Amino acid sequence: MSQIQNITWHQAAVSKEDRRTQNAHHSFVIWLTGLSGSGKSTLANEVAKELFRRQVKNYVLDGDNIRHGLNNDLGFSDEDRKENIRRIGEVSKLFVDSGTVVLTAFISPFKEDRDQARQILGSDEFLEIFVKCPLEECENRDPKGLYQKARKGEIKAFTGIDSPYEEPESPEFTVDTKSSTIEECTAEVISFLESKNLIKRKE
Ligand SMILES: Nc1ncnc2c1ncn2[C@@H]1O[C@H](COP(=O)(O)OS(=O)(=O)O)[C@@H](OP(=O)(O)O)[C@H]1O
Ligand SMILES: Nc1ncnc2c1ncn2[C@@H]1O[C@H](COP(=O)(O)OP(=O)(O)O)[C@@H](O)[C@H]1O
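These figures come from a predicted structure and were not determined experimentally.

### Looking at the packing of helix H4 (residues 78-97) against helix H5 (residues 111-121)
Piece 1. Relative orientation of the contacting elements H4 and H5 amounts to 20 degrees, with a least axis distance of 9 Å. Relative to H5, H4 is oriented roughly parallel. Crossing hand, H4 versus H5: right-handed. Facing Arg81, Lys82, Ile85, Arg86, Gly89, Glu90, Ser92, Lys93 and Val96 of H4, the residues of H5 in contact are Glu112, Asp113, Arg114, Gln116, Ala117, Ile120 and Leu121.
Piece 2. Class assignment of the residues belonging to the contact of H4 with H5 gives a composition of five nonpolar, three polar and eight charged.

### Remarks on the site of ligand 2
Piece 1. As a matter of local geometry, ligand 2 sits amid 15 residues, with Gly37, Lys40, Ser41, Thr42 and Ser180 nearest to it.
Piece 2. The separation between an oxygen atom of ligand 2 and a polar main-chain atom of Leu35 is 3.4 Å.
Piece 3. With respect to ligand 2, the backbone of Gly37 contributes an N or O atom lying 2.7 Å from an oxygen atom.
Piece 4. Coverage of ligand 2 by the protein amounts to 79% of the 570 Å² it exposes when considered alone.
Piece 5. In a pocket analysis with a 2 Å cut-off to the grid points, ligand 2 is assigned to the largest pocket.
Piece 6. Listing elements by their share of the shell around ligand 2, those giving two or more residues are helix H2 (40-53) and helix H8 (182-195).
Piece 7. The dominant element in the shell around ligand 2, judged by the number of residues it contributes, is H2, at three residues.

### With respect to the UniProt feature "binding site: ATP" (unreviewed entry) in the protein chain
Piece 1. Mapped onto the present numbering, the UniProt feature "binding site: ATP" (unreviewed entry) falls at Gly34, Leu35, Ser36, Gly37, Ser38, Gly39, Lys40 and Ser41. In this structure, the largest pocket is lined, among the annotated residues mentioned, by Ser36, Gly37, Ser38, Gly39, Lys40 and Ser41.
Piece 2. Structurally, Gly34 is set in the loop between strand S1 (29-33) and H2.
Piece 3. The buried category is assigned to Gly34, whose relative accessible area is 0%.
Piece 4. When near neighbours in sequence (up to four residues on either side) are disregarded, Gly34 contacts Lys40, Phe106, Ile107, Val131 and Tyr165.
Piece 5. With respect to the secondary-structure elements, Gly37 resides in the loop between S1 and H2.
Piece 6. Not counting residues up to four positions away in its chain, the partners in contact with Gly37 are Cys138, Arg141 and Pro143.

### What about the sheet that holds strand S2 (residues 58-62)?
Piece 1. Strands sit in the order S2-S3-S1-S4-S5 across an open sheet of five strands; the sheet is parallel. Two strands bound the open sheet, and with one partner strand each, they are S2 and strand S5 (173-176). Direction aside, the axes of adjacent strands within the sheet are offset by 20 degrees on average.
Piece 2. Two elements, S1 and strand S4 (residues 126-132), share five bridges in a ladder whose sense is parallel.

### Some remarks on the layout of surface pockets
Piece 1. Considering only enclosed or pocket space, the largest pocket measures out at about 710 Å³ in volume.
Piece 2. Lining the largest pocket are 35 residues, and of these Ser36, Gly37, Lys40, Ile107 and Lys144 sit closest to its centre.
Piece 3. Elements with a contribution of two residues or more to the lining of the largest pocket: H2, helix H3 (63-66), H4 and H8.
Piece 4. In terms of residue count, the dominant contributor to the lining of the largest pocket is H2 (four residues).
Piece 5. The residue makeup of the lining of the largest pocket, split by class, is 14 nonpolar, 13 polar and eight charged.

Each value, and the rule that gives it
- Residues numbered from 1 in each chain as written.
- Chains lettered and ligands numbered in written order.
- Predicted model: local features only at pLDDT ≥ 70, side-chain atom pairs only at ≥ 80, totals over all residues.
- Heavy atoms only, no water.
- Axes fitted to C-alpha atoms, helices over the stretch in contact; angles between N-to-C directions.
- Helix = DSSP H or I, 4+ residues; strand = E, 2+ residues; numbered from the N terminus.
- Parallel < 35°, antiparallel > 145°, perpendicular 65-115°, else oblique.
- Left-handed = near helix turned anticlockwise from the far one by under 90°.
- Contact = heavy atoms within 4.5 Å.
- Nonpolar A, V, L, I, M, F, W, Y, C, P; charged D, E, K, R; others polar.
- Near = heavy atom within 4 Å.
- Polar contact = N/O pair within 3.5 Å; in protein donor to acceptor, adjacent residues only side chain to side chain.
- Areas by Shrake-Rupley, 256 points an atom, 1.4 Å probe, with all protein chains shown as cover.
- 1 Å grid on protein atoms, 1.4 Å probe; cavity = no way out; pocket = protein on both sides within 12 Å on 5 of 7 lines; lining within 4 Å.
- Sits in = over half its atoms within 2 Å of the grid points.
- UniProt positions renumbered as here; feature names shortened; annotations may be inferred.
- Buried < 20%, exposed > 50% of the residue type's maximum accessible area, 1.4 Å probe, protein only.
- Pairing = 2+ DSSP bridges.
- Points joined across faces, edges and corners; volume = space filled by probe spheres on them.

Right under this line is the structure:
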């Protein structure tokens, strides 16, 4: 519940545009969404490495990491996931204001919550990328052994098992991590960003 009262917005002396001009690149959010084990963290980090090589200031916000700190008061109820995603939308906005390209790696299972994040950022600064991978493949990978625990009932409300995942209806881009390798998916994301003139093509 918003508690904004007797609070005045201060205009920043250095604007987002000033920062973008100095960085010589745009700032925006690459919002990765997909099941646990679909490849969000792997892909976010691979794309981050390539952006870094190209001198594009960037930062990865990862579900597992953020839940150790900023969001360590949140669990996996629908309400807590909603609040998780709202906060990440707001944090991403601050990073975008600072001139940074943000890569977020959160399951973000609910369409309404992803749409709210898009609203917080503004459509031209928000790219939803669906990290597509069938549940069976994610379960086979099971990099943290969590699906096995969820199947045994040791973890409740696990996405894809007993908590829903709403697939994006019209994401800006989709990568299929079952049929393409990590290297291919990374190259596809980079080409997509180039095609939108969000980053420069390699000389
Ligand atoms: N119940 C349940 N459901 C889904 N995931 C679970 C759950 N419990 C723990 N985990 C681990 O938490 C990571 C997901 O956190 P997120 O912040 O991305 O989730 S959400 O966007 O709020 O739905 C997720 O990480 P990823 O595998 O990287 O997606 C899991 O490692
Ligand atoms: N094309 C691909 N893109 C990303 N990850 C892949 C791909 N193919 C296989 N993987 C593997 O799938 C697993 C994905 O784990 P992770 O990146 O932690 O997923 P998430 O963050 O969505 O939970 C890793 O072990 C990774 O090596």
